[in-house]
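Structural characterization, general
So you can see what is in the structure, the chains are spelled out below.
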Amino acid sequence: MVHIETRLGDITTMNVDAIVNAANEELMCGGGVCGAIYRAAGAEKLRKACRAIGHCDTGDAVITDGFDLPADYIIHTVGPVWFGGERDEAKLLASSYRRSLEVAKEKGLKTVAFPSISTGIFGYPTESAAATAVAAVRDFLKDDEEMTVIWVLFDEQTKRIYDAALGEEA
């Protein structure tokens, strides 16, 4: 059964099969959610695993162990930097979500927690990002996937935006 929801909280504390890291192409420790995931997972262990992979293109996704996290795995996806919408940002963002779910499905994972990809330091407007994200996830899950997707959002305003995109205004 498909289930999609939002929660207010810290993605690093989620007891799910995989959390998604809003990564950079070099898979290096960054700021925001990426830095928090590195710290909570065990920065040196995660750094070593990411160095072994080496690179992830924008719109793609790769997977590592979750190390010290409650989640078994970390799916690293690179969302687009916002350039005003003129550089295929929506297509690349949708691909980040789709590829993350494809990687989860390949591993047989059933519960995946996402942050709001690209809306922090990458500057993607949250309303547009939420609409694109929800559409991409719903499209992927339309074929009766047995998966739960949770957006774990760190502030009330972002949660309200994702709830509205899901059609679940509180």
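The shown structure was predicted, so the numbers you read here are calculated from the model rather than taken from an experiment.

Calculation notes
- Residues numbered from 1 in each chain as written.
- Predicted model: local features only at pLDDT ≥ 70, side-chain atom pairs only at ≥ 80, totals over all residues.
- Heavy atoms only, no water.
- Helix = DSSP H or I, 4+ residues; strand = E, 2+ residues; numbered from the N terminus.
- Expected span 1.5 Å × (residues − 1).
- Buried < 20%, exposed > 50% of the residue type's maximum accessible area, 1.4 Å probe, protein only.
- Pairing = 2+ DSSP bridges.
- Axes fitted to C-alpha atoms, helices over the stretch in contact; angles between N-to-C directions.
- Contact = heavy atoms within 4.5 Å.
- Parallel < 35°, antiparallel > 145°, perpendicular 65-115°, else oblique.
- Left-handed = near helix turned anticlockwise from the far one by under 90°.

Side note on helix H3 (residues 89-106)
Between its terminal C-alpha atoms H3 stretches 25 Å, which fits the 26 Å expected from 18 residues at 1.5 Å a residue. Burial in H3 covers these residues: Glu 89, Leu 93, Ala 94, Ser 95, Ser 96, Tyr 97, Ser 100, Leu 101, Val 103 and Ala 104. Backbone geometry just downstream of H3 places Gly 108 in the positive-phi region, at approximately 75°.

Quick notes on the environment of Gly 108
Locating Gly 108 in the fold gives a position in the loop between H3 and strand E5 (111-114). Here Gly 108 falls in the partly exposed class, since its relative accessible area comes to 45%. For the pair formed by Gly 108 and Asp 17, sequence separation is 91 residues and the distance between their alpha carbons is 9.3 Å.

Overview of unusual backbone geometry
Here the phi dihedral of Leu 27 falls at roughly 60°; this positive angle occurs in a residue that is not glycine. In this structure, Ser 118 takes a positive phi of about 75° despite not being glycine. Checked against the element boundaries, Ser 118 lands in the loop between E5 and helix H4 (126-141). Note on Ser 118: relative accessible area 6%, which makes it buried.

Examining the sheet that holds strand E2 (residues 18-22)
One open sheet accounts for 6 strands, arranged E1-E6-E5-E2-E4-E3; its pairing is mixed. In this open sheet, the two strands that pair with only one neighbour each are strand E1 (3-8) and strand E3 (61-65). Ignoring strand direction, the axes of neighbouring strands in this sheet form an average angle of 25°. Relative to E5, E2 runs parallel, the two sharing 2 bridges. Looking at the pairing, Ile 19 lines up with Ala 113 of E5. Seen against the sheet, helix H1 (residues 32-41) touches E2 and strand E4 (73-77) and runs at an angle of roughly 135° to E2.

Quick look at the packing of H3 against H4
Direction vectors running N to C along H3 and H4 enclose 40°, while the axes themselves pass 9 Å from each other. In this view, H3 runs oblique relative to H4, as classed from their interaxial angle. The way H3 lies across H4 gives a crossing that is right-handed. Residues Ala 90, Leu 93, Ala 94, Tyr 97, Arg 98, Leu 101, Glu 102 and Lys 105 of H3 form the contact with H4, whose participating residues are Ala 129, Thr 132, Ala 133, Ala 136, Val 137 and Phe 140.

Focus on the environment of Glu 26
Mapped onto the secondary structure, Glu 26 falls in the loop between E2 and H1. When the C-alpha positions of Glu 26 and Arg 51 are compared, they lie 8.3 Å apart, and in sequence the two are 25 residues distant.

Quick notes on the pairing of strand E6 (residues 148-153)
For E6, the buried fraction is high: 6 of the 6 residues fall into the buried class. Alternating residues of E6 divide into Thr 148, Ile 150 and Val 152 and Val 149, Trp 151 and Leu 153, and every residue in both groups is buried. Sheet analysis places E1 next to E6, joined by 6 bridges and oriented parallel. Within E6, the residue paired with Ile 4 across the bridge is Val 149. Sheet analysis places E5 next to E6, joined by 4 bridges and oriented parallel. Its bridge partner lying in E6, Phe 114 is registered against Trp 151.

Distances and angles like these do not, on their own, reveal function.
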